[in-house]
Structures are given as C-alpha cells and as structure tokens.
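Observations on chain architecture
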Amino acid sequence: MLLQNLAAVSAIAGIAAGASLPAGASSPGSHGQSPLITQEPQQIIYDVRRFYVASSGELDEILHHAKSYDLDVWRVTQDDVDIYFPESSAIPNIFQSKNSTALSPSWTPISPVNTLANHPYPTIGTWNLTSLHNCSFHNSFHDWLDISSFMQQMAEDYPDIVRVVRIGRTAEGRDIVGLDIGTREKNKKGKPKNWRKHRTVIQGAQHAREWIATSTALYFAHSLLVNKKERGSMVKLLERMDFTIIPVPNPDGYVYTWEHERLWYKNRQDVVGGGTRCKGLDLNRNWGYEWQPGSDHKVCAEWYPGEHAFEALETRAISSYLKWTPNIRAFIDLRSYGQLIMHPFSHSCKVHAKDEENLIEAGLGMAKALTKRHGTHMIAGSLCEKLYSAGGNVIDWVYAEAKVSVAYSVMLRDTGTYGFLLPATMIRPVGEETADMVAYLAKWIKTRHP
C-alpha cells in the first residue's frame, strides 16, 4: 500500500514513481510544514507603495507608467493602486509627485531556496483528517508535494465521497489536479453511481504567489469531510450539492514561488512574441472570452496575456473540464488580495450580465455571511467596476461560454497590510469565513434551483 501511495502522490506531483531521492533527502517522519528555508536565506528588501487616484484618467496614467517601467502592480481599484518597488530599483521620477503612502516600508520576506532538494517524499496517512481543528495541515502554508499528499490522503480516507481528478498537464509536466467531493447512491454491486447533484467549482490561486487562495481551497475541501458535530463542518452541504476543488491550477508557477521567487505571478511555459522569448503568461488574461492581445507585446510583462486565447496549457485544460462537466451551477475563483466579491464582467464596464440582479443579490449576501465570523469587511460588485477592465478573465468565460450563471471572483484578505504575504496564522480564519460564504451561496442556489 505504501508503494501505491507513493506512486499516487508522485504522479500528482509530477515525479516519476521509483525515482531516487534527491541528494540530502531523508526518510519521512512526522509531517508538519516543511521548512521553507533550509540554509541561510537571502533577504529581499523592498517597498510597496499605494498611489491614490482622483480620476479614471489618473488611474490610467499610473497604470501606463507602471507598465512602461515594467513595475509589478499588486492591486488596482478605482481609488488606488499598489505597486511593488524592489530595493534595487529607485522609484521613477514620474511617480515622485503622486499622492502615495508606503504600505509597509522595507518588508523583508524570506527568500525560498530549493525546497524540493531538501524535502522528503510525502507519505499518506500523515494528517488527522477526522478534525479540522486538530489537523496540523492548516497551521502553515505547504509546498506542492505536501498538497499532493494531502489531496491523495483525502481520497484514501474518504473513498465514498472523494476522488482525485486529473484535469491536464503543465508545460513542466505536472498534473493539474482537482478533488471531486460529493455523496452518491450506490449500485447493486456497491459502487457509487454517477454524480447527479448540482455542482460548485472552486479554484485556488491562478496567480502563483497568492498562497492564501490555495490554502483556503484546501481548508474548504477538508471542511466538507469532517463530522457535522464539529464546529466549522460543511458536510451538510453535500446533501444538496457536489463540489470540485482545484487548489493549484498553476502548479509550475506555485512550485517556482517555493523554490526560486516567492512573488512569481505567471505560469512557467515558454512564450515567444515580437522576437523575444520569456517565461510565463498571465492565466487570468488568457481565457477565451473577449481575450485581448497585449498592446505593446511585452512578453516578459506580468500581465502578458499570450499571443492567443488558451495559449496556456492550464487555461486550456481547465476550460475543457468545465465545458464537459455537467450540472455546474456555480464557479468561484479564489484570489488575493483586496476583500472583494465580484461578478462578471471584467472586459467592459458597459456590458452587464443578464443575471446581474441575481448576482448582486447573492454577492451582497455572501459578503454579509463572510463578515459574521471574524468581522472581515467585504465589498461586492462587478469586476470591471471594482477593479478595471481587462479581457480574457476566467469569470467572464465561465459565465458567457460555459453558461454557469453564478460566477464570482473573490479577493480574500487583506487590504494591503500584508498583501500577498499573509502570515500562516490567517489560514484558519480566512478558511472559516470563506466556508461560511460558500455555505450561504449553496443555500441561495437551492432556493432558485430546487
């Protein structure tokens, strides 16, 4: 059984079963968080500044200059823009006169170093899945191998309601993996029948650095399995709905944030444009509804949308899964940061979803439900109005092409204090409040699709 488990996890993680352990790897023991740093870290010092805007024209101006200087824009709203400035780059003069504040001067995140070479192969059965509160998995962020092991263990411990589904493969050969979770009637031979209930699909971090989105997706998946008597259990949702959870839709990028660059954004496939070669494209600008080419064809830019829609292997695979999976009633794309609940559309502020009245109603209810647990304030509205217009967004495609009438992009905590670098102590509270939000949405859907 151990060899079968190792093969299963290795397959998910994109490692050949039977491969020799990396140099320095030890045999697995008790399995909590694998140390992010295994040698003296190289510290990264930088500033994140929030620029306040007085008009849409000033917003466009700041974004234009940020793009021309190849700066990393962390967050955009109609009122302000957060921009990352590495220590090695002085703030360009064009920004000096702008009204801004430092969100957290000279943050010093720990720089990841090659964790794979120092990580033992995971084993199944490590975590106590019978309890949310006693399971150490949710005390820390985890690398891809840990996540693969955790997902496989859920399928092994709860075989009647959980199965691992392989959705596609990445450019670096890793599986894009989801969890199908739901209760099914059994046939005469005792095997589960096909899935028949309405389905909600929840996707974790498309953008590699948004670790809290992946951790939250995993927390919610676990909440669907624990006994209904435990506080925070969401198992009763399975009485009326099935779920697909895709915690890491961008495995290559996620691994890269652990092994090389914590703030990496895109996927890791080779891209070519205008005679230039680079790595990665922005998955959330590569979906095939109202996809828009980059105006300047800078293939190395953070927001590079690709040379054509569905160029990314990840968007191509996940879109195929969504298109051919029946009974999908809702889709939630988890992101960070900003504390926003947003419905279509992203590509234009002049175009409104035909179900917008329902989406506004449900979005406001979701925001209220999320706030109750820990007081986290959420704002609901359309993507374009709350952020900015951009084509190729997953929510636009899911709503318009996959015909999923309930589709949301949810920006999790926070609003800028930590940004993408939330401390691990926030994993549980964010997971709890997000589960409450999903529970509200499931109940809302039931009243309209009994």
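Here is a short report on the structure shown in this document. Along each chain, residues carry numbers from 1 onward, in the same order as the chain's sequence is written. This being a predicted model, a pLDDT of at least 70 is required before a residue's local features are given, and a value of 80 or more before pairs of side-chain atoms are given or counted; all residues contribute to the totals for chains, interfaces and linings. Water and hydrogen atoms were dropped before computing side-chain values, which therefore reflect all heavy atoms in the structure.

Let us look at unusual backbone geometry. Tyr337 follows Ser336 through a cis peptide bond whose omega is 0°. Mapped onto the elements of the fold, Tyr337 is located in the loop between strand S11 (328–335) and strand S12 (340–343). Here the bond from Arg413 into Asp414 is cis, since omega is -5°, no more than 30 degrees from zero. Counting through the fold element by element, Asp414 comes out in the loop between strand S14 (406–411) and helix H11 (427–448). The phi torsion at Phe310 lies on the positive side, around 60°, for a residue other than glycine. With respect to the element layout, Phe310 can be found in the loop between strand S10 (276–279) and helix H7 (313–324). A positive phi angle, close to 60°, is found at Lys403, a residue other than glycine. For the purposes of this entry, the term helix denotes a DSSP run of H or I that reaches at least four residues, the term strand denotes a run of E that reaches at least two, and both are numbered from the N terminus.

What follows is about the packing of helix H5 (residues 211–223) against H11. Every axis corresponds to a line fitted to the C-alpha atoms, with the helix fit spanning only the stretch in contact, and the corresponding angles, defined between N-to-C directions, vary from 0 to 180 degrees. At their nearest, the axes of H5 and H11 sit 9 Å apart, and the two run at 60° to each other. The orientation of H5 relative to H11 falls into the category oblique. In the packing of H5 onto H11, the handedness of the crossing is right-handed. On H11, the residues touching Ile212, Ser215, Thr216, Tyr219, Phe220 and Ser223 of H5 are Ile427, Arg428, Val430, Gly431, Glu432, Thr434, Ala435 and Val438. Each residue gets one label: Ala, Val, Leu, Ile, Met, Phe, Trp, Tyr, Cys and Pro are nonpolar, Asp, Glu, Lys and Arg are charged, and the others, such as Gly, are polar. Residues that form the contact of H5 with H11 fall into these classes: 7 nonpolar, 5 polar and 2 charged. Between 65 and 115 degrees an angle is taken as roughly perpendicular, under 35 as roughly parallel, over 145 as roughly antiparallel, and anywhere else as oblique. Here is the rule for handedness: rotate from the far helix to the near one, and if that takes an anticlockwise turn smaller than a right angle the crossing is left-handed, while a clockwise turn gives right-handed. The contact criterion used is simple: two residues touch if any of their non-hydrogen atoms lie within 4.5 Å.

Put simply, a salt bridge is a Lys or Arg side-chain nitrogen that is within 4 Å of an Asp or Glu carboxyl oxygen. This model, assessed by the stated rule, comprises 21 salt bridges. Close ionic contact of Lys279 with Asp270 constitutes a salt bridge, the shortest N to O distance being 3.0 Å. The classification of residues rests on relative accessible area computed with a 1.4 Å probe and restricted to protein chains. Under 20% of the type maximum is buried, over 50% is exposed, and intermediate values are partly exposed. The exposure class assigned to Asp270 is exposed, which follows from its relative accessible area of 53%.

Attention shifts here to helix H8 (residues 356–374). Here a helix's expected span is defined as the number of its residues, less one, multiplied by 1.5 Å. Its 19 residues place the ends of H8 28 Å apart at the C-alpha level, agreeing with the 27 Å of an ideal helix rising 1.5 Å per residue. Regarding H8, the residues found buried are Glu356, Leu359, Ala362, Gly363, Gly365, Met366, Ala367, Ala369 and Leu370. Turning to H8, the residues buried within the fold contact S12, strand S13 (379–382), helix H10 (394–400), S14 and H11. Directly after H8, the chain includes Gly375, whose backbone phi takes a positive value near 80°.

The term disulfide is used for any two cysteine sulfur atoms that are within 2.5 Å. Across all of its chains, the model carries 2 disulfides by this definition. Put simply, Cys278 and Cys300 are joined by a disulfide, and their sulfur atoms are 2.2 Å apart. One disulfide, between Cys278 and Cys300, carries an S-S torsion of 120° and so falls in the right-handed class. In this pair, Cys278 is assigned in strand S10 and Cys300 in the loop between S10 and H7, connecting sequence segments 22 residues apart. Across a sulfur-sulfur distance of 1.8 Å, Cys349 and Cys384 are joined as a disulfide pair. Every disulfide takes its handedness from the sign of the S-S torsion; for Cys349 and Cys384 that torsion is -90°, giving left-handed. A residue pair is termed long-range when its members are at least 10 positions apart, and Cys349 in the loop between S12 and H8 and Cys384 in helix H9 (residues 383–386) qualify at 35 residues.

Time to look at the layout of surface pockets. Taken as a whole, the largest pocket spans an internal volume of roughly 550 Å³. Detection works on a 1 Å grid of protein atoms alone, calling trapped sets that fit a 1.4 Å probe cavities and calling open sets with protein on both sides within 12 Å along at least five of seven lines pockets, with lining residues defined by an atom within 4 Å of a point. Lining the largest pocket are 24 residues, and of these Lys67, Arg285, Trp303, Tyr388 and Ser389 lie nearest its centre. Ranked by residue count, the leading element in the lining of the largest pocket is helix H2 (residues 56–68), at 6 residues. Grouping the constituent residues of the lining of the largest pocket by class yields 11 nonpolar, 8 polar and 5 charged. Grid points are joined across faces, edges and corners, and a volume is the space filled by probe spheres set on the points.

Each Phe, Tyr or Trp ring (for Trp, its six-membered ring) is paired with any other whose centre lies within 6.5 Å, and the angle between the two planes then decides the class: stacked below 30 degrees, edge-to-face above 60, tilted in between. Inspection of every chain in the model, using the stated rule, returns 22 aromatic pairs. Ring plane angle 75° and centroid distance 6.0 Å describe the contact between Trp287 and Phe310, whose orientation is recorded as edge-to-face. In this pair, Trp287 is assigned in the loop between S10 and H7 and Phe310 in the loop between S10 and H7, connecting sequence segments 23 residues apart. In this pair, the class of Trp287 matches that of Phe310, namely buried. An aromatic cluster of at least three residues, connected via ring pairs, comprises Phe51, Tyr69, Phe85 and Phe95.

On to the pairing of S11, then. Buried residues dominate S11, accounting for 7 of its 8 residues. Summarising the sheet, S11 and S14 pair through 6 bridges and their orientation is parallel. Following the sheet pairing, Leu334 is matched in S14 by Val410. DSSP calls a pair of strands paired once it identifies at least 2 bridges connecting them.

Relative to the elements of secondary structure, Asp80 occurs in strand S3 (residues 80–86). Taking the relative accessible area as the measure of exposure, Asp80 reaches 10% and is therefore buried. Setting aside residues up to four positions removed in sequence, Asp80 forms contacts with Arg50, Phe51, Tyr52, Val53 and Arg75.

Let's shift gears to the sheet that holds S14. Spatially, S5-S6-S8-S7-S11-S14-S12-S13 is the arrangement adopted by the 8 strands of the open sheet, whose pairing is mixed. Looking along the sheet, the strands with just one partner apiece sit at the ends: strand S5 (162–169) and S13. When the angles between neighbouring strand axes are averaged without regard to direction, this sheet yields 20°. With 5 bridges connecting them, strand S7 (residues 199–203) and S11 associate as parallel partners. Bridge pairing links Thr200 to Ala330 in S11. Against the sheet, H11 engages S7, strand S8 (242–246), S11, S12 and S14, with an angle of about 160° to S11.

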